[in-house]
Amino acid sequence: MCSNETNVGVVLTGAPCAGKSTVISALEERGELVVLESFMPLWRKRCVCDAQLLEEVAADQLETGREVESRKGAGCVYYFDRSALCTLALCRFMGQEPGEKLREAVAWTVGTSLFASRRVVLVLHLGFVAGNEVGKLSLEDTIAFQEVHRQTYEEYGFEIVELPKATVEERVQMVLNKRFTQ
């Protein structure tokens, strides 16, 4: 929906298998503007989650975010399937130090006008863990990873808007009913 003076970015975040990409796909099917995540396509090329992959993901997030931000005057809401802060949360969950590109992407994310509303949608876990290509996390680990996301965004001054367990259509309506203006 394009009605604001400047573009607004809304990030959907959360642990694996919470339904982030499903909600993003449903938003896209409704004609909303979405920015797809880059982790899975890049992971599929390498099949290993390591510091190099996190740097590649961060570089892509930075480039894509800057491109969306540069669409000045469009006044649109863009729904992002994750951001550099999600990549930082993964880095922390893995017990790694962020690399140079990830630090740059995080700095851009917290400094850009695109995310000036400082609100992020935390897609809550569904109470079970389905198959995941990257690796099997227990429900306990999924909940812990969800909390790392929460803590990471809160550390950078973002307000968490929880998206509870519900049908896909109900979740989409909840996202659309929120006001993410600046």
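Residues numbered from 1 in each chain as written. Predicted model: local features only at pLDDT ≥ 70, side-chain atom pairs only at ≥ 80, totals over all residues. Heavy atoms only, no water.

**Student:** Quick question: what am I supposed to make of the packing of helix 1 (residues 20–29) against helix 7 (residues 168–177) here?
**Tutor:** Think of two packed helices as two axes; the pair is described by the angle between the axes and how far apart they sit. Orientation of helix 1 relative to helix 7, taken along the N-to-C sense of each, is 70°, at an axis distance of 9 Å. It follows that helix 1 is roughly perpendicular to helix 7 by the angle criterion. Residues Thr22, Val23, Ala26 and Leu27 of helix 1 form the contact with helix 7, whose own contacting residues are Val168, Arg171, Val172, Val175 and Leu176. By residue class, the composition of the contact of helix 1 with helix 7 is seven nonpolar, one polar and one charged. (Axes fitted to C-alpha atoms, helices over the stretch in contact; angles between N-to-C directions. Helix = DSSP H or I, 4+ residues; strand = E, 2+ residues; numbered from the N terminus. Parallel < 35°, antiparallel > 145°, perpendicular 65-115°, else oblique. Contact = heavy atoms within 4.5 Å. Nonpolar A, V, L, I, M, F, W, Y, C, P; charged D, E, K, R; others polar.)

**Student:** Could you clarify how one ought to interpret unusual backbone geometry in this entry?
**Tutor:** Glycine aside, the phi torsion of most residues is negative, and most peptide linkages are trans. Within the chain, Cys17 stands out as a residue other than glycine whose phi angle is a positive 70°. Considering the arrangement of structural elements, one finds Cys17 in the loop between strand 1 (8–13) and helix 1. When its relative accessible area of 25% is taken as the criterion, Cys17 is described as partly exposed. One non-glycine residue, Arg82, lies in positive phi territory at about 85°. Tracing the chain through its elements places Arg82 in the loop between strand 3 (77–81) and helix 4 (84–93). (Buried < 20%, exposed > 50% of the residue type's maximum accessible area, 1.4 Å probe, protein only.)

**Student:** What's the story with the nonpolar core in this structure? I'm lost.
**Tutor:** Looking at soluble globular proteins, one finds that nonpolar side chains tend to be buried together. Counting 35 residues, the largest nonpolar core has Val11, Phe80, Leu85, Phe115, Tyr153 and Phe158 as the members making the most contacts within it. Contributing elements (two or more residues each) for this core: helix 3 (51–69), strand 3, helix 4, helix 5 (100–111), strand 4 (119–123) and helix 6 (139–155). Looking at which element gives the most residues to this core, the answer is helix 4, with seven residues. With sequence-adjacent residues up to four places away left out, Tyr153 is seen in contact with Val11, Thr13, Ser83, Leu85, Cys86, Val120, Phe158 and Ile160. In this structure, Ile24, Leu27, Val34 and Leu163 belong to the second largest nonpolar core, which totals 17 residues. (Core = buried A, V, L, I, M, F, W, Y, C linked by side-chain atoms within 4.5 Å.)

Everything listed is a geometric property; what it means functionally is a separate question.
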